[in-house]
Amino acid sequence: AEIDFYTTDVIFENVTIIGDEAFFSRDQLKSILFSSSIESIKTRAFFNCKNLENISFKEESSLTTIGDSAFEQCYELKSISIPSSVKSIGTWGIC
């Protein structure tokens, strides 16, 4: 999937893994919606996305793993609902 790194709202469709540091320090991000296909969010994938406010997952999410520091230093984060499918959240995974 092609992603515009300068957009404020991102919808991940048909993506299964967000790799290590994939969106590291992307200050433009404000909102993320993951489709049900997401399985893993790797280490520091969204680290230091200072303006990220909302993280949403579609129902029937396949997400099982949130890596270390995946959402660390997302200071403006106001809402995230962890899917029941998640089995592991790494150190400082969400803070």
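Residues numbered from 1 in each chain as written. Predicted model: local features only at pLDDT ≥ 70, side-chain atom pairs only at ≥ 80, totals over all residues. Heavy atoms only, no water.

**A word on the overall build of the protein**
Broken down by element type, the protein carries 0 helices and 8 strands. For the protein, the α and β elements follow one another from N to C terminus as β-β-β-β-β-β-β-β. The C-alpha radius of gyration computed for the protein amounts to 12 Å, which stays within 12% of the reference 12 Å derived for 95 residues, consistent with globular compactness. Along the longest, intermediate and shortest principal axes, the C-alpha atoms of the protein span 30 × 30 × 25 Å. Across the 95 residues in the protein, those meeting the buried criterion constitute 36%. By element, 44% of the accessible surface of the protein is carried by carbon and sulfur atoms, the whole surface being about 5,300 Å². Charge-centre separation for the protein: the mean point of 8 positive side chains lies 3 Å from the mean point of 14 negative side chains. (Helix = DSSP H or I, 4+ residues; strand = E, 2+ residues; numbered from the N terminus. Rg over C-alpha atoms; globule rule 2.2 N^0.38 Å. Buried < 20%, exposed > 50% of the residue type's maximum accessible area, 1.4 Å probe, protein only. Areas by Shrake-Rupley, 256 points an atom, 1.4 Å probe, with all protein chains shown as cover. Lys, Arg positive; Asp, Glu negative; His and termini not counted. Charge placed at Lys NZ, Arg CZ, Asp CG, Glu CD.)

**A short note on the sheet that holds strand β5 (residues 54–57)**
Spatially, 4 strands are ordered β1-β3-β5-β7 in an open sheet, and the strand pairing comes out parallel. Of all strands in the sheet, those bounded by a partner on one side alone are β1 (9–12) and β7 (79–80). Pairing of β1 with strand β3 (residues 31–34) involves 4 bridges; the strand directions are parallel. Paired with V10 across the bridge in β3 is I32. (Pairing = 2+ DSSP bridges.)

**Quick word on the nonpolar core**
Core analysis: the largest hydrophobic core is formed by 22 residues, its most contacted members being F12, I18, F34, I41, F46 and F71. Elements with a minimum of two residues in this core: β1, β3 and β5. (Core = buried A, V, L, I, M, F, W, Y, C linked by side-chain atoms within 4.5 Å.)

**Some points on the state of the cysteines**
One pass over the structure, following the stated rule, counts 0 disulfides. No disulfide involves C49; its sulfur sits 5.2 Å from that of C74, the nearest cysteine. C74 sits in the buried class, given a relative accessible area of 4%. (Disulfide = S-S within 2.5 Å.)

**Observations regarding the sheet that holds strand β2 (residues 17–18)**
Read from one edge to the other, the open sheet built from 4 strands follows the order β2-β4-β6-β8, with strand pairing classed as parallel. Pairing within the sheet leaves two strands with one partner each, and these edge strands are β2 and β8 (88–89). Examined bridge by bridge, strand β4 (residues 40–41) and strand β6 (residues 65–66) share 2 bridges and lie parallel to one another. Residue S40 lies in a different strand from β6, and its bridge partner there is T65.

**A word on the confidence of the model for the protein**
Across the protein, the average pLDDT comes to 90, with 93% of residues at 70 or higher. Here β1 is the element of the protein with the lowest mean pLDDT, 83, and β4 is the one with the highest, 98. (pLDDT = per-residue confidence, 0-100.)

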